[in-house]
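Below are the chains, spelled out letter by letter.
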Amino acid sequence: MDGELGDLRFSVLGPMRCRRGGTVLRLGSPQQQAMLAALLLRPGGAASAGDLIDALWGEEPPPAAATTLRTYAWRLRKLLEPDRRTPAVLVSLAHGYRLVLPPGAVDAQQAEQLAARAESEAATSRPAQARDLLNEALDLWQGEPLSGVPGPYAERQRSRFSDLRLTLLEERLALDLMLGRSAHCVPELITLTTEHPLRERSHGLLMRALYHSGRQADALAAFRRVREVLVEQLGVEPGAELTELHRQILNGETAEAGELLPAPARGSTVVAPTAEAGPPAAPGPTMPDPPRPAQLPPAPADFIGRSAQAEEIRTALTAPVRDALPVVAVVGMGGIGKTALAVHAAHHSRAAFPDGELYADLQGCEALPATPDDVLAAFLSALGTRPEAIPDSTAARSALFRSLTDGRRLLVVLDNARDTAQIRPLLPGSAHCAALVTSRTSLAGLPTAVQLDLDVFTPEEAVDLLGRVIGRSRPATEPQAVLDLVAACGYLPLAVRITAARLAARPSWTIASLSERLVDEQRRIDELRMGDLAVEAVFELGYRQLTQDQAQAFRLAAWADSPDLGLDAAAALLDLPPARAEVLLESLVDAAMLDSPTAGRYRYHDLLRGFARRTSQALGSEAEGARSRLLAHLLIGARSAFHLAVPGDPVAGALGCHRTDGVDGPVLADLPAARAWVRAASPGVLGLACRLAARGRRAAASPLPSAAS
């Protein structure tokens, strides 16, 4: 195996990583990582395009899924095969792709190989060697497997590898008991049984460890605790193995520590405790006849539009035939009406959930978002669990929540979620329930039945909302002013609602007078405020969630005076290589602070652009540098386009070069490419020229139209 290929190592038992020798490779977007994971973990490293599409998007792939796969494959080849001397790693097949890697290149494969070797060593009575191999395998886990990688395939693998780790940990602890390390195992087993209270084998190992440490009473108490949990949460008694172990400890008949408790057999019969097991435990401490939870906020009285989206949500939540929990996600920028739509749709779905509705504001944009622990405690209380019976750990609370919701028809609404990690513990396990989630960020990795990317109002919907609040007669007298007003609001529902509230509070104002106050971009944000409603406050919440690099990119890219922005121009504004600029801009799209109408192009909502510029100006003179770099980029592009349109014409020299360190112009291969670039760049050129002219500078972009002719 070639040295460079043999140096490739992939980690999936934690955040996904790749190293070539001592170099960490950047694996690209989460979706691209999902494709790589699907190839890494499939037998033979091969998958068809159809399998990959299912792995990334499930049953509802985007229209351009096949094209997106080819793009990911091209990027992965550039990453894994940096030059011609590097052996082929990603090979195209007739209907898919295959990864060619040396054995053991993936940590998950290493873990499974080590586990198989440990089993062989244990079978030949070499427990110490088997324990060392299992420790080596367990050390490969560096957190949640495939953390942050989206798609149904990655979700299944997360569950598989998490279960594998628990099994290997139990095997290693069993070997420790065999080697006479009972007392050393007790603290670890207490933690394990607390975090996973329904795993009977872990409880059996704890009972043995306590008994062989001279703590018979504690071992019997451990049995009573697990029995209470199983009866309370699942309504079943402990299995045959655990019950027999309890009988042996009670009578002092247990074997030596080296004779291990076997793993519970799949599908083993549940038996009642023997007479020696003592009297039945008291019923779990639950409240008698808890009320049906009905926690939904009031339905919005002036809800308008969104009828198609509301029906799509209701249909997904109430589908009569389903084999998994239906999860619906509504995502979009702040102020776009996600909560209103979710609450409206939830109220119209109540009849399908006779056991009630649970609601939580997860405060995902706040400095201190709600923790799953606190939300689960509130949900468990609403379902009748007494405070003293609520477990301490998140995993135990989540398990109890799933047990209590099993067999019920409950709707769970999780509003304003931060990310999938905050949501996962809060999901019921039963397919009879349903979950409705809202978030500003794209919820990659959440197994959704439907994900709606909510857009702004149509002009008709915006005018309808305005009329409902201020009365139908006022808009009818100023039809053009109404259209100008909602356009100045960018058709953002929150902004329209604020202007409507201001007009309703000031009946003597004309609609035109308020519309005129919104003409100035810098003043507009201040005007969109009424009582406790403010567009700036909503945008500020999203802005505070950005990293330092994301926040700077959000501010700088806003200085392009065009409806949308190409990647090359964005890279000039940000003073970054295009690849790095793309990563930042795509992360802003995921955070709903930016939109991407087509691949490689980006645009702001008008109000978000004004907010970004306002924030940038408050920080100093960074706008000057950004505009200078953009001007240099455009001038270089204009000169190149002119040379292709009119070869040898000295007029091109009038454009100058204006090359700045780190700023390059676009690569224009031929005249059609030049014309396409001019058409795309012209709005930004004209906007920048007007801005510079307004400041008394000479705009140097006048020859551009001739290059497009």
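Residues numbered from 1 in each chain as written. Predicted model: local features only at pLDDT ≥ 70, side-chain atom pairs only at ≥ 80, totals over all residues. Heavy atoms only, no water.

Peer 1: Please clarify how the overall build of the protein should be interpreted in this entry.
Peer 2: Tallying secondary structure elements over the protein gives 30 helices and 15 strands in all. In the protein, which comprises 709 residues, the share counted as buried stands at 47%. By sequence separation, contacts in the protein at least 24 residues apart represent 70% of the contacts at least 6 residues apart. Here the protein displays about 32,200 Å² of accessible surface, and carbon together with sulfur accounts for 53% of that area. (Helix = DSSP H or I, 4+ residues; strand = E, 2+ residues; numbered from the N terminus. Buried < 20%, exposed > 50% of the residue type's maximum accessible area, 1.4 Å probe, protein only. Contact = heavy atoms within 4.5 Å. Areas by Shrake-Rupley, 256 points an atom, 1.4 Å probe, with all protein chains shown as cover.)

Peer 1: Explain the nonpolar core here, please?
Peer 2: A general tendency of soluble globular proteins is for nonpolar side chains to be buried together. Core analysis: the biggest nonpolar cluster contains 85 residues, and Ile-313, Leu-436, Val-535, Phe-554 and Leu-585 have the highest contact counts within it. By size, the runner-up hydrophobic cluster in this structure holds 76 residues, among which are Cys-18, Leu-41, Leu-79 and Leu-242. (Core = buried A, V, L, I, M, F, W, Y, C linked by side-chain atoms within 4.5 Å.)

Peer 1: It is not clear to me how the sheet that holds strand E4 (residues 46-48) should be interpreted in this structure. Could you clarify?
Peer 2: Strand-to-strand pairing in sheets goes through backbone hydrogen bonds, with the strands running parallel or antiparallel. Read from one edge to the other, the open sheet built from 3 strands follows the order E4-E6-E5, with strand pairing classed as antiparallel. In the strand order of this sheet, the two ends are held by E4 and strand E5 (90-92), each with one partner. Averaged over all pairs of adjacent strands, the angle between strand axes in this sheet comes to 20°, irrespective of strand direction. By the bridge criterion, 3 bridges tie E5 to strand E6 (residues 96-99) in an arrangement that is antiparallel. Paired with Ser-92 across the strands is Tyr-97, a residue of E6. Sitting on the sheet, helix H2 (residues 30-40) touches E4, E5 and E6, and the angle it makes with E6 is about 70°. Against the sheet, helix H3 (residues 49-57) makes contact with E4 and E6, and its axis sits at roughly 90° relative to E4, the strand it touches most. (Pairing = 2+ DSSP bridges. Axes fitted to C-alpha atoms, helices over the stretch in contact; angles between N-to-C directions.)

Peer 1: Which parts of the structure should I look at to understand the packing of aromatic side chains?
Peer 2: Enumeration according to the criterion identifies 6 aromatic pairs in this entry. Where Tyr-543 meets Phe-611, the ring centres are 5.9 Å apart and the plane angle is 80°; that geometry is what we call edge-to-face. With Tyr-543 in helix H23 (residues 535-544) and Phe-611 in helix H27 (residues 606-618), the pair connects residues that are 68 residues apart, well separated along the chain. Phe-611 matches Tyr-543 in its accessibility class, with the two residues each being buried. On the basis of an interplanar angle of 45° and a centroid distance of 6.2 Å, the ring pair of Phe-554 and Phe-611 is categorised as tilted. (Phe/Tyr/Trp six-rings, centres within 6.5 Å; stacked < 30°, edge-to-face > 60°.)

Peer 1: Even after reading the chapter, I still don't get the confidence of the model for the protein, so can you show me in this structure?
Peer 2: Taken residue by residue, the protein gives an average pLDDT of 81. The fraction at 70 or more is 83%. This stretch, residues 1-5, has a pLDDT under 50; its non-local contacts, to residues over four places away or in other chains, come to 11 contacts. Ignoring residues within four places in sequence, the model shows residues 256-288, a span with pLDDT below 50, making 62 contacts including any to other chains. (pLDDT = per-residue confidence, 0-100.)

Peer 1: Is there a simple way to think about the packing of helix H6 (residues 127-138) against helix H7 (residues 152-178) in this case?
Peer 2: Closest axis-to-axis distance for the H6/H7 pair is 9 Å, and the angle between their directions is 150°. The pairing of H6 with H7 is recorded here as roughly antiparallel in orientation. Relative to H7, H6 is oriented so that their crossing is left-handed. Within the contact between the two elements, H6 uses Pro-127, Ala-130, Arg-131, Leu-134, Asn-135, Ala-137 and Leu-138 and H7 uses Arg-165, Leu-168, Leu-169, Glu-171, Arg-172, Leu-175, Asp-176 and Met-178. Broken down by class, the residue content of the contact of H6 with H7 amounts to 9 nonpolar, 1 polar and 5 charged. (Parallel < 35°, antiparallel > 145°, perpendicular 65-115°, else oblique. Left-handed = near helix turned anticlockwise from the far one by under 90°. Nonpolar A, V, L, I, M, F, W, Y, C, P; charged D, E, K, R; others polar.)

Peer 1: Is there a simple way to think about helix H15 (residues 394-405) in this case?
Peer 2: An ideal rise of 1.5 Å per residue puts 16 Å on 12 residues; H15 measures up with 16 Å between its terminal C-alpha atoms. The buried fraction of H15 is high, at 9 of 12 residues. Turning to H15, its buried residues are Ala-396, Arg-397, Ser-398, Ala-399, Leu-400, Phe-401, Ser-403, Leu-404 and Thr-405. Looking one or two residues past H15, Gly-407 carries a phi angle of roughly 85°, positive in sign. (Expected span 1.5 Å × (residues − 1).)

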